Amino acid sequence: MSVPPSPSAPPGPQVPPGPQVPPQGQAAEGAVAPGRSASDQSAPGRSAPGRARGRRRAATIVTLGVVSLLFLGSTVRLFVLPRRDDPASVDAIVMFAGSPGRFEHAVSLARAGYAPTLAVSVPTAEDPCPPPIPNVEVICFAPDPLTTQGESRWTADAAARYGWRSIIVVTSTTQVTRARLRLERCYPGQILMSPVPPPRLMWPYMIAYEWAAMVKALVLQRDC
């Protein structure tokens, strides 16, 4: 006697094909989190505006660094280590008034016999005029105006009057470049610069002053 087959379970409802919803708390692969765009999620780290600001900041830092190096190099070349000349026999020694040490250096050059004439700028009554020096003519003059430009003009006029074809100019180290520029505009002869370094504490002030005076000489006063 055969055993009848057991009845099968009735078929359940058929689910139509479609997108599968992930369980709660688990995001589907490729899904976009709420509150963020697809572009935000595709670019990890800083946003595009943030990267642009970073690039601008880096470019600014590099530019400031280059400008600072150029300024420092120009300062050293023009005012700290300018071109100077070895003393040689000339027609006259001319001292421009200014920082301490120039007077003694100019007198020592005259006593050493580098020139038969020593001319010293004395803008005010307090500026000393050298005492007589054997075999050296001493001239003390007040420039007009009382500036490096006035001293350069006086030197050119005296050179034409006395026939000076070569001179030694005594000035400060920081003033060498500007004094040479001023003199070359007025005086066609040979110029030898014999500078004297200013006192250590005066360097910052004198460098700042020379920058301003150099701009003035290059932009506002371009003649003798």
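Placed above this text is the structure.
Residues numbered from 1 in each chain as written. Predicted model: local features only at pLDDT ≥ 70, side-chain atom pairs only at ≥ 80, totals over all residues. Heavy atoms only, no water.

### Considering the packing of aromatic side chains
We describe a pair of aromatic rings using the distance from one ring centre to the other and the angle between the two ring planes. As enumerated under the stated definition, the model contains five aromatic pairs in all. Centre to centre, the rings of F141 and W154 are 3.7 Å apart; their planes meet at 5°, and the pair counts as stacked. In this pair, F141 sits in strand β3 (residues 137-141) while W154 sits in helix α4 (residues 148-162), placing the two residues 13 residues apart along the sequence. Judged by relative accessible area, which is 16%, W154 ranks as buried. Relative to W164, the ring of W154 has its centre 6.3 Å away and its plane inclined at 55°; by these criteria the two rings are tilted. (Phe/Tyr/Trp six-rings, centres within 6.5 Å; stacked < 30°, edge-to-face > 60°. Helix = DSSP H or I, 4+ residues; strand = E, 2+ residues; numbered from the N terminus. Buried < 20%, exposed > 50% of the residue type's maximum accessible area, 1.4 Å probe, protein only.)

### A short note on the pairing of strand β4 (residues 166-172)
Judged by how many residues are buried, β4 sits mostly within the fold: seven of seven residues are covered. Summarising the sheet, strand β1 (residues 92-95) and β4 pair through four bridges and their orientation is parallel. The residue bridging A92 from the neighbouring strand is I167, located in β4. Both β4 and strand β5 (residues 190-196) contribute to a ladder of seven bridges, which runs parallel. If you follow I167 over to β5, its bridge partner there is I191. Regarding the hand of the β-α-β motif, the stretch spanning β4, helix α5 (residues 176-186) and β5 is right-handed. (Pairing = 2+ DSSP bridges. Right-handed = clockwise from strand over helix to strand, strands pointing away.)

### Let's talk about the sheet that holds β5
One open sheet holds the five strands; their spatial order is β3-β2-β1-β4-β5, and the pairing between them is parallel. Looking at the sheet topology across the chains shown, the edges are occupied by β3 and β5. This sheet shows a mean twist of 20° between the axes of neighbouring strands, independent of strand direction. Lying on the sheet, α5 is in contact with β4 and β5; it crosses β5 at an angle near 155°. (Axes fitted to C-alpha atoms, helices over the stretch in contact; angles between N-to-C directions. Contact = heavy atoms within 4.5 Å.)

### Examining the nonpolar core
Counting residues in hydrophobic clusters, the biggest one holds 20 residues, and the most contacted among them are A119, W154, W164, I167, V169, Y187 and I191. Secondary structure elements with two or more residues in this core: β1, β3, α4, β4, α5 and β5. When neighbours within four sequence positions are excluded, I167 is seen to be in contact with V90, A92, T155, Y187, Q190, I191 and L192. Formed by 17 residues, the second largest nonpolar core is a distinct cluster that contains M95, A110, L192 and V196. (Core = buried A, V, L, I, M, F, W, Y, C linked by side-chain atoms within 4.5 Å.)

### What about α5?
Within the span of α5, buried status applies to V176, R178, A179, R180, R182, L183 and C186. Close packing links the buried residues of α5 with α4, β4, β5 and α6 (203-220).

### Some thoughts on the state of the cysteines
Across all of its chains, the model carries two disulfides by this definition. Each sulfur of the disulfide joining C129 and C140 lies 1.7 Å from the other. Measuring handedness by torsion sign, the sulfur bridge of C129 and C140 sits at about 90° and is right-handed. Here C140 lies in strand β3 and C129 lies in the loop between β2 (117-121) and β3, a separation of eleven residues in the sequence. Assessed through its relative accessible area of 42%, C129 is described here as partly exposed. Note on C140: relative accessible area 28%, which makes it partly exposed. The partner cysteine of C186 in its disulfide is C224, sulfur to sulfur 1.8 Å. The S-S bond linking C186 to C224 shows a torsion near 115°; that makes this disulfide right-handed. Residue C186 is found in helix α5, and its partner C224 is found in the segment after α6; the two are separated by 38 residues along the sequence. Assessed through its relative accessible area of 17%, C186 is described here as buried. (Disulfide = S-S within 2.5 Å.)

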